[in-house]
Amino acid sequence: MTGHDYFRALLEVATVINSSLEPTVVLHKITEQTAKAMNCKASTLRLLDRTGKLLLASAAWGLSSGYMRKGPVEVAKSGLDGEVLKGKLIHLRDACSDGRFQYPESAKAEGLVSVLSAPLMVNGKAIGILRVYSSEERDFTPDECDFMLGVANISAIAIENARMHEATRLNYELLTSYNYQVFED
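Keep in mind that this is a model prediction, so the values were computed, not measured. Within each chain, residue numbers correspond to sequence positions counted from 1 in written order. Restriction of local features to residues with pLDDT of at least 70 applies here, the model being predicted, together with a cutoff of 80 or more for giving and counting side-chain atom pairs; totals for whole chains, interfaces and linings are based on all residues. Water and hydrogen atoms were dropped before computing side-chain values, which therefore reflect all heavy atoms in the structure.

## A word on the pattern of salt bridges
Line of reasoning, step 1. Basic side-chain nitrogens of Lys or Arg form a salt bridge, by our definition, when they fall within 4 Å of a carboxyl oxygen of Asp or Glu. A complete count under the given rule lists nine salt bridges for this structure.
Line of reasoning, step 2. A salt bridge links Lys29 to Glu32; its shortest N-O distance comes to 3.7 Å. Taken as a pair, Lys29 and Glu32 lie in helix H2 (residues 23-37) at a separation of three residues, close to a single helical turn.
Line of reasoning, step 3. For the exposure calls, accessible area comes from a 1.4 Å probe over protein chains only, and a residue counts as buried if that area is under 20% of its type's maximum, exposed if over 50%, partly exposed in between. Judged by its relative accessible area of 13%, Glu32 falls in the buried class.
Line of reasoning, step 4. Residue Glu74 is joined to Lys77 by a salt bridge in which the shortest nitrogen-to-oxygen separation is 3.6 Å.
Line of reasoning, step 5. On the basis of relative accessible area, Glu74 is assigned to the partly exposed category, the value being 24%.
Line of reasoning, step 6. In the salt-bridge network here, residues are joined through shared partners; they are Lys29, Glu32 and Lys36. Only runs of H or I of at least four residues qualify as helices and only runs of E of at least two qualify as strands under DSSP, and these elements are numbered from the N terminus.

## As for the packing of aromatic side chains
Line of reasoning, step 1. When the centres of two rings from Phe, Tyr and Trp lie within 6.5 Å, Trp using its six-membered ring, the rings pair. Their planes under 30 degrees apart give stacked, over 60 give edge-to-face, and anything left gives tilted. Considering all chains together, one arrives at one aromatic pair under this definition.
Line of reasoning, step 2. Measuring from ring centre to ring centre gives 6.2 Å for Tyr67 and Tyr133, while their planes differ by 80°; the resulting arrangement is edge-to-face. Of the two residues, Tyr67 is situated in helix H3 (residues 65-68) and Tyr133 in strand E6 (residues 125-133); the sequence distance between them amounts to 66 residues. Each member of the pair, Tyr67 as well as Tyr133, is classed as buried.

Right under this line is the structure:
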């Protein structure tokens, strides 16, 4: 891909993010568009749980349901995810032979070889990980790495905005419910 193609792909991802208020639809589209733009077999987006110990599958594209049910992604047991959550873009040329990858056997069975992982950062704090998987061993170019970071940054902002929107909506409902009860009494 040329630099122009990456700008077009980034525009498509940004358009998808702004196309719906339904988070599950948006997250799925992010994984689909990212994998397609980078000519990868699959993509996942995982968000940290409230404890910060688990990465929860929030969206995936191109992976079997069996792979997605392989087990919990525990930050403490995944050297790769621990590094990414510190704000690093990490490339594994062969995930199956890299000790930092938590489920190498599952990756091999799924036909996953090279992996590129980017942190989802908001105000300097990681909230999750965006990852693409290729079915063959490959090196990701600097343009691909920049594209991946761009998508991760846009996605993190969209996720945080959706969370704030939901919190505001819930607060409004509580407030109006309380006010209604006060005036009823």
